[in-house]
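Structural description and commentary
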Amino acid sequence: MLWLLEIALPCRRITTMLKRTHMCGTLRSEDQGREVVVCGWVNTYRDHSSGLVFIDLRDREGLVQVVFDADDSEASAMEVGRALRREDVVAISGTVRARAGGANPKLATGEIEVLARSVELLAKTEPPPILPDDHEADRISEENRLKHRYIDLRRPRMQSILRTRSQVTKLARDYFMDHGFLEIETPLLIKTTPEGARDFIVPARLHPGMWYALPQSPQLFKQILMVAGCDRYIQICKCLRDEDPRADRQAEFTQIDLEMSFVDRDDVIEMMSGFARRLWKELLDVEIGEIPTMTYAEAMERYGIDRPDTRYGLELQDISELCGRTDFRVFKDALAGEHGCVKAIRVPGAAERFSRKVTDGYTEFVRDFGAGGAPTTKLTANGFETGVAKFLEPIADELIAELGLEVGDAVVFASDTRTIATRALGELRQKIAQDLDLIPEGCWNFVWVIDFPMFERDEEKGRWVALHHPFTSPNPDQFDILESDPGGCLSAGYDLVLNGSEIGGGSIRIHDQSVQETVFKLLGLTQADAEMKFGFLLSALRHGAPPHGGIAFGLDRLVMHLVGTDNIRDVIAFPKTQSGGDLMTDAPGPVDEEQLVETHVRSTAEPPA
RNA sequence: GGGGCGGUAGCUCAAUUGGUUAGAGUACCGGCCUGUCACGCCGGUGGUUGCGGGUUCGAGUCCCGUCCGCCUCGCCA
């Protein structure tokens, strides 16, 4: 009998839903006189009296003012209008007209308003925990923004970021398909690969005790696609690396991933430069022009880092030879050691800024990077003063000439092994630029970094490790020394760096099975290991592999640059926190015992108290 | 795993040396206002000071532990 009761009851919603005709943010003075239906969220309300109520109605496209006026609006609409509160969802039908009270220049729709004739309350909200106002966004804690992401994403700023991200992926598909690429998907459940980041793993229910890994990138599959004759592949794909997040890094992130057959390094670089040019042109109307290249060696020498920020000077200079002639114990000890080195940065006109507090801070800062300290000094009209000035006397004139110093300059030094001194000073260079506000606004300094070493020595493991990854080919002229001088062998890898941030990287791959086996051997993989872990790749390389290479652009970081944020969570709709949690869904969480049994997993973790 | 900063009303913050009933703005509720536009005015509801222990006559404040968030080193082929 229950069904009869339901039929007998009057339908709760007696009006049919008003059908939207326009988006709020798109109405303009040309629309005056038009009958429209707009739908959205109440951004603000201004209740003047029983006879006059304004609301700003928001949708994805922007705000429009709606006015309820007892003289012109239906009485029922007036009643609903007065009761509207922030974030209620409504549909409103009415007439577009010029504003009686004068235009609001702050709004794109500021010349007009919608005179409400009728209104349908589609959803009454509970009092909102946060408000989606851009002018308040900086004040709302990120924790609360992430917890109530569905409200935070309503903000115009966040909507704009989501739109930019969508435009980037559309442009990527357009550009690469114009250039003969096919979009091909690769699996998410794959076999774990040694080296690289920590894998996320998934128990294989049908294979007790066995595990899938989630891909750190589609690297091997895209190479296999080249062997499979697909010629050019692109995918906009999720990559997963179980490592600690940072401000510009999430465990789960997105790459614009691609691979090309029958190409060399410059082909890939030109293809990607063209993509970057088109992105910046179409999204920001900026001509970035030809992108310069710089070798890894030069980047390390001049900037102390493999992703040089070329927007400002403060370049590192090697003054080991000069400093060997001082009596400064710190310099002498460093130079006496193996690979000892002294480097310096001239900081023009910064003498005033280098207070004791500041320079102590620099010493503290470089300790994070293994250096003992960051000695400083200043050049005054009377010669070097403060800091290590007295030790510099014997070499004062030569140092001034070498560094090009002028009165009022400050100098900061680092002495240690070449590796540590370079790293510490390279990091300090960036800190000084930020602290002294030396980074010019509005620059887009792209640079391709090339000629990376194939390998780095890992003293702990007592073997070579791949700087890029184990499938990166040596440069064409470097095959001869691959085995005889692995440490000196340069790779065909390339990174695209923008304003000191790595936004993409790739390489020409090894397409010869014997070269690949040599690299595996250098990395400490036995023939048997290599066959077990990468047998499918070696097999593919034996069956007709074209020369190929590719690259992956970090979509999240690209969008960060395009929208001007240094927080990666701002460009991801549903990001995770620093501890890998999702504050909205409360992931990760426990699973039912049954799920564990089915997947043959037993946890070793202590159950939560 | 290490270092740093933070957690007080739904939200953003304040609270003197450890001392009265933990305040303000905003949101929300009620009232007033016919041209506002982050409207304005009047009134009101709203608190386990992240959580647990300790010191003390007395703890938001001091100590220990713990959880959460952010930055960072390690890590991220």
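Owing to the predicted nature of the structure, the values given are computational and were not obtained by experimental measurement. (Residues numbered from 1 in each chain as written. Chains lettered and ligands numbered in written order. Predicted model: local features only at pLDDT ≥ 70, side-chain atom pairs only at ≥ 80, totals over all residues. Heavy atoms only, no water.)

**Structural notes on the confidence of the model for chain A**
For clarity, the cut-off: What pLDDT conveys is the predictor's confidence in a given residue, as a value from 0 to 100. The contact criterion used is simple: two residues touch if any of their non-hydrogen atoms lie within 4.5 Å.
For chain A, the mean per-residue pLDDT works out to 93, and 96% of the residues sit at or above 70. For the stretch residues 1-12, pLDDT sits under 50, and the model shows zero contacts to residues farther than four places along the chain or on other chains. At the level of chain-chain contacts, confidence expressed as ipTM amounts to 0.94, with global pTM at 0.94.

**As for the environment of Gly505**
The cut-off we apply is this: Only DSSP runs of H or I reaching four residues or more are called helices, and only runs of E reaching two or more are called strands; each is numbered from the N terminus. Here the term buried applies to any residue with accessible area under 20% of the maximum for its type, exposed to any over 50%, and partly exposed to those in between, with areas from a 1.4 Å probe on protein chains only.
Turning to its location among the elements, Gly505 is positioned in strand E21 (residues 501-508). According to the relative accessible area criterion, Gly505 is buried, its value standing at 16%. Residues within four places of Gly505 in sequence aside, it is in contact with His468, Tyr494, Asp495, Ile551 and Ala552.

**Points about the packing of helix H12 (residues 356-367) against helix H15 (residues 418-435)**
When two helices pack together, their arrangement is given by the angle between the helix axes and by the axis-to-axis distance. The line we're drawing: For every element, the axis is a line fit to its C-alpha atoms; helices are fit only across the contacting stretch, and the angle between N-to-C directions ranges from 0 to 180 degrees. Each angle gets one of four labels, with under 35 degrees taken as roughly parallel, over 145 as roughly antiparallel, 65 to 115 as roughly perpendicular, and the rest as oblique. Left-handed describes a crossing in which the near helix is turned anticlockwise from the far one by less than a right angle; the clockwise case is right-handed.
Their axes nearest at 9 Å, the elements H12 and H15 cross at an angle of 135 degrees. Taken as axis vectors, H12 and H15 run oblique relative to one another. Judged by the twist between their axes, the crossing of H12 over H15 is right-handed. Residue-level contacts link Tyr362, Phe365 and Val366 of H12 to Ala424, Glu427, Leu428, Lys431, Ile432 and Asp435 of H15.

**Remarks on the packing of aromatic side chains**
The criterion, for reference: Pairing of aromatic side chains requires ring centres within 6.5 Å, counting the rings of Phe and Tyr and the six-membered ring of Trp. Pairs whose planes differ by under 30 degrees are stacked, by over 60 edge-to-face, and all others tilted. Over a ring means this: the NZ of a Lys or the CZ of an Arg is within 6 Å of the ring centre and within 35 degrees of the ring normal.
Scanning the entire structure with this criterion turns up 18 aromatic pairs. On the numbers, 4.8 Å between centres and 15 degrees between planes, the contact of Phe520 with Phe534 is stacked. A residue pair is termed long-range when its members are at least 10 positions apart, and Phe520 in helix H16 (residues 513-522) and Phe534 in helix H17 (residues 527-542) qualify at 14 residues. Here Phe520 falls in the buried class, since its relative accessible area comes to 1%. Across from the ring centre of Tyr45, 4.6 Å away, lies the NZ or CZ of Arg85, which sits over that ring. One residue, Arg457, lies across the ring of Trp464, its end atom 5.0 Å from the ring centre.

**A word on the sheet that holds strand E12 (residues 316-318)**
Formally: In this description, strands pair whenever DSSP reports at least two bridges between them.
Within the open sheet, the five strands sit side by side as E12-E13-E16-E14-E15. Their pairing is antiparallel. Two strands lie at the open edges of the sheet, namely E12 and strand E15 (383-385), each paired on one side alone. Averaged over neighbouring strand pairs, the angle between their axes works out to 35 degrees when direction is ignored. One ladder, built from three bridges, connects strand E14 (residues 376-380) with strand E16 (residues 410-417); its direction is antiparallel. Residue pairing across strands places Lys378 opposite Ala410, the latter belonging to E16. On top of the sheet, H15 reaches E12, strand E13 (340-347) and E16; it is set at about 150 degrees to E16, its chief contact.

**Observations regarding the state of the cysteines**
Heads up, the rule is: Disulfides are defined in this document as cysteine sulfur pairs within 2.5 Å.
Under the counting rule described, the total for this entry stands at zero disulfides. The thiol of Cys341 is not disulfide-bonded; the next cysteine sulfur, from Cys323, is found 9.4 Å away. What makes Cys341 buried here is its relative accessible area of 0%.

**Some remarks on empty space enclosed by the protein**
Under the convention used in this document: Cavity: a set of points on a 1 Å grid over the protein atoms alone where a 1.4 Å probe fits but cannot get out. Pocket: an open set with protein on both sides within 12 Å along at least five of seven lines, its lining residues, like those of a cavity, having an atom within 4 Å of a point. Grid points are joined across faces, edges and corners, and a volume is the space filled by probe spheres set on the points. The nonpolar class holds Ala, Val, Leu, Ile, Met, Phe, Trp, Tyr, Cys and Pro. Asp, Glu, Lys and Arg form the charged class, and all remaining residues, Gly among them, are polar.
As enumerated under the stated definition, the model contains two cavities of 30 Å³ or more in all. Here the largest cavity is characterised by a volume of approximately 40 Å³. Residue lining of the largest cavity: Leu146, Arg149, Phe574, Pro575, Asp582, Leu583 and Met584, and that is the complete set. Tallied by class, the residues present in the lining of the largest cavity amount to five nonpolar, no polar and two charged. The computed volume of the second largest cavity comes to approximately 40 Å³. For the second largest cavity, the full set of lining residues is Pro453, Met454, Phe455, Ala466, His468, His469, Pro470, Thr472, Ser491 and Val519. Here the lining of the second largest cavity is built from residues that sort into six nonpolar, four polar and no charged.

**Side note on the pairing of strand E2 (residues 52-59)**
Taking burial as the measure, the eight residues of E2 include seven buried ones, the bulk of the element. Sheet analysis places strand E1 (residues 35-49) next to E2, joined by seven bridges and oriented antiparallel. Each residue of the ladder has a partner; that of Asp47, found in E2, is Val53. Summarising the sheet, E2 and strand E3 (residues 62-69) pair through eight bridges and their orientation is antiparallel. Across the sheet, Asp59 pairs through a bridge with Gly62, a residue of E3. Linking two consecutive strands that pair antiparallel, namely E2 and E3, is a turn of two residues.

**Some words on the nonpolar core**
Heads up, the rule is: Buried Ala, Val, Leu, Ile, Met, Phe, Trp, Tyr and Cys residues form a nonpolar core when they are joined through side-chain atoms within 4.5 Å.
Formed by 45 residues in total, the largest nonpolar core has its most connected members in Phe176, Ile256, Met272, Phe275, Phe446 and Leu558. Setting aside anything within four residues of it in sequence, one finds Ile256 in contact with Val168, Ala172, Phe176, Ile234, Gln235, Ile236, Phe275, Ile551, Ala552, Phe553, Leu555 and Leu558. Core analysis: the second largest hydrophobic core is formed by 22 residues, Leu316, Ile345, Ala410 and Leu428 among them.

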